[in-house]
Amino acid sequence: MVLPISNPTKSFWIEEASSALRDFRSTKDLPKETDYTENDAQKPRILMLEARDICGSATGRNGGQLRPHAYSRYPAWSARFGPDGAMGLIKHEMAHLLAFQDLLAEEDIAEEVCFRLGETFDAAMSDEAWARLKGAYEAMKKDHGQDNEVVRVCRLIEDTKAAEEFTQMKACLGAVVHPAGQVWPYKFVHALLRIVLKAGNLNLQAHTPAESVSERDDSGWITVKTGRRDVRTKTVVHATNRWASHLLPEFGNLIFGSRATLASIKAPEGFIKHTGAQHWDSIVNNYHLQLPPPYNSIIVGGARSLLVHSPQDCSPNDEEDKQFDGASEFFQSWPELDVVGWPGNYPAELAKNVDEGGCWSGVESMSIDAFPFVGDIPNRDGHFVTAGFSGHGMPRILLSTAHITPLILDALNIKYTAPSLVAPYPPLPKPFQATAERISSLQKINSAAIFEKNSKDCLESAKKPFCNKLPGRPKS
Ligand SMILES: Cc1cc2nc3c(=O)[nH]c(=O)nc-3n(C[C@H](O)[C@H](O)[C@H](O)COP(=O)(O)OP(=O)(O)OC[C@H]3O[C@@H](n4cnc5c(N)ncnc54)[C@H](O)[C@@H]3O)c2cc1C
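Residues numbered from 1 in each chain as written. Predicted model: local features only at pLDDT ≥ 70, side-chain atom pairs only at ≥ 80, totals over all residues. Heavy atoms only, no water.

For the chain, the name recorded in an unreviewed UniProt entry is FAD dependent oxidoreductase domain-containing protein, with Penicillium arizonense as its organism.

Written out as C-alpha cells, the structure is:
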C-alpha cells in the first residue's frame, strides 16, 4: 500500500510554470456527494481528488516527449501479438500526434503548452544498439511493406556523418528517424483543467488523497474516504498511475514504482534541432528536447550509464524525495561531451538550482506486462481504471481517456453525443484492457524474479566500457 509522498524533489516543469492552479481547491469543504445533480441529470458533477499539488506526480515530472514507439518495439510486440497486433499498438500511439494537435488547436492552447510536432531520432551509439534499432525497423518493413502508413514515415540514416549531423550527437553510428512531438505536460494538464473548471461542473481538490474506496452499496453509492470528509459517488475513476494498488489491492503485483531522473540545462535559443534519444544497449540511454523561447532549456533525462551501477535505486523504488548521486553532474557534463558543436564559451549549467527544479527524480509506474490497465474494473461495479503507463504515457493516455469516458457516462445513464474530435482515432488496443483474465494471470507472476533479472541485466551493462569513466559516477 503506497500513496504519493508529500515532499518529492522539485521539477523544472512545475516550478517554472508557476500555475495559479497549483494548490487549487474549488471549495473549502469537500462536497458530501458527487456524480449526481438533481436539477440536471444530464450534467454529472465531477470531483477530482489529487494527493499532491495539482498534477504533481509523473505528468509534472516527466521528459515532455510525445514520442510514439513507431518501430522500436515491433519485434517484441509482433512476437507477442502477431504482425497486425503490433501494428495496431503502433498506430494507436502514432494517432496521438494528430489527437494532440487537434485538441490543442480546438482549445487554442498549443503555444501556451509549448507543443511542437516534428521528427525525432534514435541515435545508435554502439554497434549493439545499431543492430537492434535497424533490426526493429527492418522487421517492421519486411512484414508490412514500404507503403504501410507507419513504415513510410520512418527512415534510417545509415551514413555516420549524416546521422551525426541530423542528431547532433557526437560519435553516433546511425539513426532511425520518425515523427514525434513535444509538449509541456504540466502546462497541458493545467490548461485543460482551467477550461473544464470554467464549464462549471468540476470540483478540483489539491492535497486530498483518497484513503480508501468502498464497493457499491445496495443503493448504488460508493464511499470515498479522505482525511477531510467522506464523499458518496456513483462512479470512481482510478487515474492513480503508480499508486493504483493503494485503493485497489488486486493491482499490487501489477504496477510498481520505478525511479528515473532528469535535468533542465540552460542552452542557446534553438540549438537542438530535434527531440531524440541516444542508445548504447537496450538499457543504457539518454533522451532530450529543447524548449522554445523564452525558456530555451534542454530537458535531458536518462543517465542510465550512471544509474545501472545501482539498480536497487531505480526498480522497484519510490524514493522521489531523493536525488540520484552524481545525476546533476552527469547532466551538466552531457552537452559538452555529447552534443556536436556545443559552444565552448557556453557553460552548461542547470536552469535552476539543483534542489529548486534544476534536477529531479520521478517515479514511473512500471506495469508488470509493460502495458497500462484501462477500462471498467472486473468485479467492482462503478469503478474504472486508467493506470500503469510505464514511463510512456504521453502517446497512450489521451486516447485511453477517450475510450473510458463513454463507459463512465453509460454507467451514469447519461445520454451524450461523442464529440467529433474523438471519432477518427483507433480503438483501445487489446493489451491495454483491464480484463479479469489479464489481471488474474498477472497476479501469479513472480515479480521478484523479474526485478532480480532486471538488476542482473543492469549490472551486466554497468561492466561495459560506455558505463565507465563517467563524470559524476560514484567511485566503485
Ligand atoms: C521521470 C519520468 C520521465 C518520463 N518521461 C516520459 C516521456 O518523456 N514521455 C512519456 O510518454 N512518458 C514519460 N513518462 C511517463 C509519463 O509521465 C506517465 O506515463 C504519465 O504522466 C502518467 O500519467 P497519469 O495521469 O496516469 O499519472 P500521474 O501523472 O502520476 O497522475 C496520477 C495522479 O494521481 C494522484 N494520486 C495517486 N493516488 C492517489 C490517491 N489515492 N488519491 C488522490 N490522488 C492520488 C497522484 O498524485 C498523481 O497526480 C515519464 C515518467 C517519469 C516519472
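Having put the structure on the table, let's press on.
Caption draft 1: Main features of the domain arrangement of the chain. Partitioning the chain into structural domains gives domain 1 (29-60 + 201-256 + 373-441) and domain 2 (257-269 + 285-367 + 461-476). Measuring from the centre of the C-alpha atoms in domain 1 to the corresponding centre in domain 2 gives 33 Å. The interface of domain 1 with domain 2 comprises 14 residues on the first partner and nine residues on the second. In total, domain 1 and domain 2 occlude about 890 Å² of area from one another, counting both sides; carbon and sulfur atoms represent 43% of this. Run the count over domain 1 and domain 2 and you get two salt bridges. Of the charged contacts in the structure, one is a salt bridge between Arg52 and Glu320, with a shortest N-O distance of 2.7 Å. Inspection of the region where domain 1 meets domain 2 yields seven residue pairs in polar contact (both at pLDDT 80 or more). Considering only residue class, the side of domain 1 that touches domain 2 consists of seven nonpolar, four polar and three charged. (Domains from an automatic or database assignment. Contact = heavy atoms within 4.5 Å. Buried area = accessible area lost by both parts, 1.4 Å probe. Salt bridge = Lys/Arg side-chain N within 4 Å of Asp/Glu carboxyl O. Polar contact = N/O pair within 3.5 Å; in protein donor to acceptor, adjacent residues only side chain to side chain. Nonpolar A, V, L, I, M, F, W, Y, C, P; charged D, E, K, R; others polar.)

Caption draft 2: Representation of helix α9 (residues 397-411) within the structure. Helix length check: α9, at 15 residues, gives a terminal C-alpha distance of 21 Å against a target of 21 Å (1.5 Å per residue), a fit within 8%. Looking only at α9, the buried set comprises Leu399, Ser400, Ile404, Ile408 and Leu409. Structurally, α9 contributes buried residues whose contacts are with α2 (74-107), β10 (236-238), β16 (373-376) and β17 (383-387). At the C-terminal side of α9, Asn413 shows a positive phi close to 60°. (Helix = DSSP H or I, 4+ residues; strand = E, 2+ residues; numbered from the N terminus. Expected span 1.5 Å × (residues − 1). Buried < 20%, exposed > 50% of the residue type's maximum accessible area, 1.4 Å probe, protein only.)

Caption draft 3: Region of interest: the site of the ligand. Neighbouring residues of the ligand: 34 residues in total, closest Glu50, Ser57, Thr59, Gln65 and Ala210. With respect to the ligand, the side chain of Asn62 contributes an N or O atom lying 2.9 Å from an oxygen atom. Here the ligand loses 93% of its free accessible area of 1,000 Å² to cover by the protein chains. Those elements that place two or more of their residues in the shell around the ligand are β11 (255-265) and β15 (359-367). (Near = heavy atom within 4 Å. Areas by Shrake-Rupley, 256 points an atom, 1.4 Å probe, with all protein chains shown as cover.)

Caption draft 4: Spatial organisation of the pairing of strand β5 (residues 174-182). Of all nine residues in β5, eight are buried; the element is thus mostly enclosed. With nine bridges joining them, strand β3 (residues 116-124) and β5 adopt antiparallel strand pairing. The residue of β5 that forms the bridge with Ala124 is Gly174. With three bridges connecting them, strand β4 (residues 155-157) and β5 associate as antiparallel partners. In the sheet register, Ile157 faces β5, and the bridge partner there is Ala175. (Pairing = 2+ DSSP bridges.)

Caption draft 5: Quick look at the nonpolar core. Ranked by size, the top nonpolar core spans 38 residues in total, and within it Met169, Ile265, Ile298, Val308, Phe331, Val339 and Trp342 carry the most contacts. Among the elements of the structure, β3, α4 (160-167), β5, β11, β14 (298-301), α7 (304-307), α8 (327-338) and α11 (447-462) are those that each provide at least two residues to this core. Here the element with the most residues in this core is α8; it accounts for four residues. In this structure, Val308 is in contact with Ile283, Val284, Cys458, Leu459, Ser461, Ala462 and Cys467, ignoring residues within four places of it in sequence. In this structure, Ile90, Val176, Phe371 and Val374 belong to the second largest nonpolar core, which totals 26 residues. (Core = buried A, V, L, I, M, F, W, Y, C linked by side-chain atoms within 4.5 Å.)

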